[in-house]
Amino acid sequence: MDFSLSEDQRAIREAVRELCARFPDAYWRALDERSEYPTDFVKALTDAGWLGALIPRRYGGSELPVADGAAILEEINASGGNAAAAHAQMYTMGTVLRHGSDSQKERYLPRIATGEVRLQAFGVTEPDAGSETTRIKTTAVKSGDRYVVNGQKVFISRAQHSDLMLLLARTTPYDDLEDKTRGLSVFIVDLRKGVESGQVEIRPLATMMNHHSTTIFLRDLEIPERDRIGEEGMGFRYIIDSWNVERILIASESIGDGRWFVERASRYATERTVFGRPIGANQGVQFPVAQAHADLQAATLLRDKAAWLFDRGEKCGAEANMAKLVASQAAWAAANACIDTHGGYGFAKDFDVERKFRETRLLMVAPISNNLVLAYVGQHVLGMPRSY
Ligand SMILES: Cc1cc2nc3c(=O)[nH]c(=O)nc-3n(C[C@H](O)[C@H](O)[C@H](O)COP(=O)(O)OP(=O)(O)OC[C@H]3O[C@@H](n4cnc5c(N)ncnc54)[C@H](O)[C@@H]3O)c2cc1C
């Protein structure tokens, strides 16, 4: 087994680190305080081609493997930034790439690759359907060569900073279905046009992080049939297909956060003197940080294996889910060790620990809660009885 990074992998990490160095803690802190979107950062990422990393060359992307996409997002979070502002641009296009028609790919992917068009909103969750996706109620009713969509989505991130949204909507009533995973379809929605016509209303939804989430109301929204991806009724399958990449990338953001916490905690523990010695000399301070580092290393190996399997075209559901689980847990343990190490200063905004603490907590719940990941492992990997 070869665990070393190739020249290209080193160069990618180094280039992302250099870009991120132009956006220091103070940049992210100021945005957090004003709940502002990191427009300059996302533009810099786009201009450097990093957000088109996974798009094939024939559509203008750099066709990097998922392992490299993972490295890009990990480095962003390890630098103190937050890749959540733009990560969906990297993986949402996977649904178009894998299940879209040739004309949809030609129409959208090259413009997504250059950044001319942003596809970084994914409308799945509803007020009464989060973990249980197959219960969504937003309907898309066929009328001639278009669908008419009505419903409400909640927690939809970055919708105000995206031109397009992938939308999951119901095309067959739930009660009419024998197989409840059928009957949902995926559409590409032109958010700008929808807002202009009044068929789409986007309302900001404040959360404890600077995450740009929204509630979206869809009122008689007309979507041309040509903007349905793949077959009608197969939408749930299509979005499941993109979940493994999403899990690997989210695991990477957690690993990046965890690296940041461990680095800050060890530095502070070495510099801060209390009772005449550095606090890091106390096992009560040192061991949780060391433990977090060890856990992050283990999570990194699992993430790397998941990405390696995916890039070889092999099944990676178990590894991708477990990587997301253990990486988000390791990052959260690192966050707690870091805040404890900093004492009162861990709560002071100027130290950025509290900001990263809030940001990394989300990854245990969204885009999928760790309970649901455990259910996947218990039921699909270990074959135990289904709880739902
Ligand atoms: C900041 C933020 C951004 C988000 N961005 C998006 C987005 O861009 N697009 C989008 O579509 N959604 C988004 N979401 C929604 C997110 O995916 C959901 O919040 C998540 O899937 C959980 O759904 P829920 O909140 O409805 O919780 P529920 O499904 O109501 O679950 C509540 C709790 O019960 C637990 N639970 C439920 N069923 C079981 C079970 N069978 N076994 C064990 N535990 C169970 C869950 O794990 C969870 O802890 C975002 C959420 C947040 C907070």
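Structure: see above.
Attention here is on the structure that accompanies the text. Everything numeric in this text was worked out from a predicted model, so none of it was measured. (Residues numbered from 1 in each chain as written. Predicted model: local features only at pLDDT ≥ 70, side-chain atom pairs only at ≥ 80, totals over all residues.)

### Considerations on the environment of His 99
Assignment of secondary structure puts His 99 in helix H6 (residues 93–99). C-alpha of His 99 to C-alpha of Asp 241: the two residues are 142 residues apart in sequence and 9.4 Å apart in space. The contacts of His 99, once residues within four sequence positions are left out, are Ile 229, Gly 230 and Tyr 238. (Helix = DSSP H or I, 4+ residues; strand = E, 2+ residues; numbered from the N terminus. Contact = placed C-beta atoms within 7 Å.)

### Points about the nonpolar core
With 106 residues, the main nonpolar core has Met 165, Phe 187, Ile 248, Phe 261, Ala 299, Ala 323 and Ala 334 as its most contacted residues. Broken down by element, the residue count for this core peaks at 15 residues, all from helix H9 (residues 235–271). Filtering out sequence-adjacent residues up to four positions away, Ala 299 remains in contact with Ala 251, Ile 255, Ala 323, Val 326, Ala 327 and Ala 330. (Core = buried A, V, L, I, M, F, W, Y, C linked by C-beta atoms within 7 Å. Buried ≥ 20, exposed ≤ 12 C-beta atoms within 10 Å, placed from the backbone.)

### Focus: the packing of helix H1 (residues 7–21) against helix H4 (residues 66–78)
The N-to-C vectors of H1 and H4 enclose an angle of 30 degrees; their axes lie 9 Å apart at closest approach. Judged on the interaxial angle alone, H4 and H1 are roughly parallel. Relative to H4, the crossing made by H1 is right-handed. In contact with Gln 9, Ile 12, Arg 13, Val 16, Arg 17 and Cys 20 of H1, H4 contributes Asp 68, Ala 71, Ile 72, Glu 75 and Ile 76. The class makeup of the residues in the contact of H1 with H4 is six nonpolar, one polar and four charged. (Axes fitted to C-alpha atoms, helices over the stretch in contact; angles between N-to-C directions. Parallel < 35°, antiparallel > 145°, perpendicular 65-115°, else oblique. Left-handed = near helix turned anticlockwise from the far one by under 90°. Nonpolar A, V, L, I, M, F, W, Y, C, P; charged D, E, K, R; others polar.)

### So, the site of the ligand
The environment of the ligand is formed by 22 residues, the closest being Val 124, Gly 130, Ser 131, Ser 369 and Asn 371. Those elements giving two or more residues to the shell around the ligand turn out to be strand E1 (119–123), strand E3 (146–157) and helix H13 (370–381). Its residues placed into classes, the shell around the ligand shows 11 nonpolar, 11 polar and no charged. Of the domains in this structure, domain 2 (119–232) and domain 3 (237–381) are the two that each give at least three residues to the shell around the ligand. (Near = placed C-beta within 6 Å. Domains from an automatic or database assignment.)

### What to know about the pairing of strand E5 (residues 184–190)
Along E5, six of the seven residues are buried, which leaves the element largely enclosed by surrounding structure. For E5 and strand E8 (residues 228–229), the ladder comprises two bridges, and the chain directions are antiparallel. Bridged to Val 186 within E8 is Ile 229. (Pairing = 2+ DSSP bridges.)

### Description of the pairing of strand E2 (residues 139–143)
Sheet topology note: the E2/E3 ladder contains five bridges and is antiparallel. Note on E3: the bridge partner recorded for Thr 139 is Asn 150. With antiparallel pairing between neighbouring strands as the criterion, E2 and E3 make up a hairpin whose turn holds two residues, including Gly 144 at a positive phi of roughly 65 degrees.

### Focus on H9
For H9, with 37 residues, the first-to-last C-alpha span of 53 Å sits near the 54 Å given by 1.5 Å per residue. Of all the bends in H9, the largest measures some 30 degrees and sits at Trp 243. Among the 37 residues of H9, 29 are classified as buried, and the element is accordingly described as predominantly covered. (Expected span 1.5 Å × (residues − 1). Bend = angle between axes of the 7 residues up to and from the residue.)

### Considerations on helix H7 (residues 102–114)
End to end, H7 covers 18 Å across 13 residues, agreeing with the expected 18 Å (1.5 Å per residue, within 8%). Within H7, the full set of buried residues consists of Tyr 108, Leu 109, Ile 112 and Ala 113. Against H6, E1 and E5 lie the buried residues of H7. Backbone geometry just downstream of H7 places Gly 115 in the positive-phi region, at approximately 90 degrees.

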